[in-house]
Amino acid sequence: EELKKVPSTPESRCADARRCRLAAFGAALRNRDYDKESGDDKAPLERALKAVLSTPSLVGPLKSKEIDFYVTWLALAYHSKSSQLFFCDDKIPVANDSFCLHTADGSPKFELGKRPLPGKNRPEKGVFEPTVDEVDDFLTDSLPSLRVHSEGKKKWKNLKSPEHGSEPNTPNHPLDGSSVKSN
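Okay, so let's go over this structure. Predicted model only: the values in this text are computed from it and were never measured.

## Details of the overall build of the protein chain
- When helices and strands are counted, the protein chain shows five helices and two strands.
- When the helices and strands of the protein chain are placed in sequence order, the string is α-α-α-α-α-β-β.
- Across the 183 residues of the protein chain, 33% fall into the buried class.
- Within the protein chain, contacts between residues at least 6 apart in sequence are counted, and of these 58% link residues at least 24 apart.
- Accessible surface, the protein chain as shown: approximately 12000 Å² in total, 54% of it carbon and sulfur.

## Description of the packing of aromatic side chains
- Counting across every chain of the model gives four aromatic pairs.
- Between Tyr34 and Tyr78, the aromatic rings sit 6.1 Å apart at their centres with planes inclined by 90°, giving edge-to-face as the arrangement. With Tyr34 in the loop between helix H2 (22-30) and helix H3 (43-53) and Tyr78 in helix H5 (residues 64-80), this residue pair connects regions lying 44 residues apart in the sequence. Judged on exposure class, the residue Tyr34 and its partner Tyr78 are both buried.
- For the ring pair Phe69 and Trp73, a centre distance of 6.2 Å and an interplane angle of 50° mean the geometry is tilted. Here Phe69 pairs with Trp73, and both are found in helix H5, just four residues apart, close to one helical turn.
- Geometry around Phe128 places Arg19 over its ring, the cationic atom sitting 4.2 Å from the centre.

## Focus on empty space enclosed by the protein
- Taken as a whole and assessed by the stated rule, the structure comprises one cavity of 30 Å³ or more.
- Volume-wise, the largest cavity comes out at about 40 Å³.
- Lining the largest cavity are Arg19, Cys20, Arg21, Arg47, Ala48, Ala51, Gly119, Val127, Phe128 and Glu129.

## Quick notes on the environment of Cys20
- Tracing the sequence through the fold places Cys20 in the loop between helix H1 (10-19) and H2.
- Sequence separation of Cys20 and Lys50 is 30 residues, and the distance between their C-alpha atoms is 8.8 Å.
- Discounting residues that sit within four places of it in the chain, Cys20 has contacts with Ala51, Val52, Thr55, Leu58 and Phe128.

## With respect to the pattern of salt bridges
- Evaluated as defined, the whole model comprises eight salt bridges.
- One salt bridge connects Asp35 with Arg32, and the closest N-O pair in it is separated by 2.6 Å.
- Look at Asp35 and you get partly exposed, because its relative accessible area is 31%.
- One salt bridge connects Asp33 with Lys36, and the closest N-O pair in it is separated by 2.6 Å.
- Residue classification places Asp33 among the buried residues on the basis of a relative accessible area of 9%.
- For Lys36, a relative accessible area of 60% puts it in the exposed group.
- Linked through salt bridges whose partners overlap, the residues forming this network are Arg21, Glu129 and Glu134.

## A look at the layout of surface pockets
- There is about 230 Å³ of room inside the second largest pocket.
- Around the second largest pocket, the lining is made up of 17 residues, and of these Arg18, Arg19, Val132, Glu134 and Asp136 lie nearest the centre.
- For the lining of the second largest pocket, the class distribution of residues is eight nonpolar, one polar and eight charged.

Rules and cut-offs
- Residues numbered from 1 in each chain as written.
- Predicted model: local features only at pLDDT ≥ 70, side-chain atom pairs only at ≥ 80, totals over all residues.
- Heavy atoms only, no water.
- Helix = DSSP H or I, 4+ residues; strand = E, 2+ residues; numbered from the N terminus.
- Buried < 20%, exposed > 50% of the residue type's maximum accessible area, 1.4 Å probe, protein only.
- Contact = heavy atoms within 4.5 Å.
- Areas by Shrake-Rupley, 256 points an atom, 1.4 Å probe, with all protein chains shown as cover.
- Phe/Tyr/Trp six-rings, centres within 6.5 Å; stacked < 30°, edge-to-face > 60°.
- Lys NZ or Arg CZ within 6 Å of the ring centre and 35° of its normal.
- 1 Å grid on protein atoms, 1.4 Å probe; cavity = no way out; pocket = protein on both sides within 12 Å on 5 of 7 lines; lining within 4 Å.
- Points joined across faces, edges and corners; volume = space filled by probe spheres on them.
- Salt bridge = Lys/Arg side-chain N within 4 Å of Asp/Glu carboxyl O.
- Nonpolar A, V, L, I, M, F, W, Y, C, P; charged D, E, K, R; others polar.

As structure tokens, this is what we get:
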């Protein structure tokens, strides 16, 4: 079967990520927030999974039965509480500064904080919750202090330098894959 492409732009992917609450969902999974209140690990988790899996620009075009299948299996994986998922006590530590914090208010991106649990509110129509006004850094310049090591040399390059352009995916930028070797 031929791979199906979904036309999108950075702006449309940003709108899609906001509509399915992708960032808040990732934070909720990481911290096992669906386990904090009785019942949240059922319908809210499944609604949030369905919203993400119903977003073609993020996961590709899926049929309804495929979405239902993935929701079931991903919810089962979450319920397994396997340490290999790296959630809750097994989560990988992240930095408490720089690009791990929202630029607008300094809140950690990796914690749900004041954001409501994704999937907690029933959709008004379709699979997406009513719009939630929450902080995010989509399409903002949040890389001013990020630095990467270049090709095994003992020289660090600032990603914001004029030599690399202002954003990843610009020519010769260390994060575009063209100048950094992968292991």
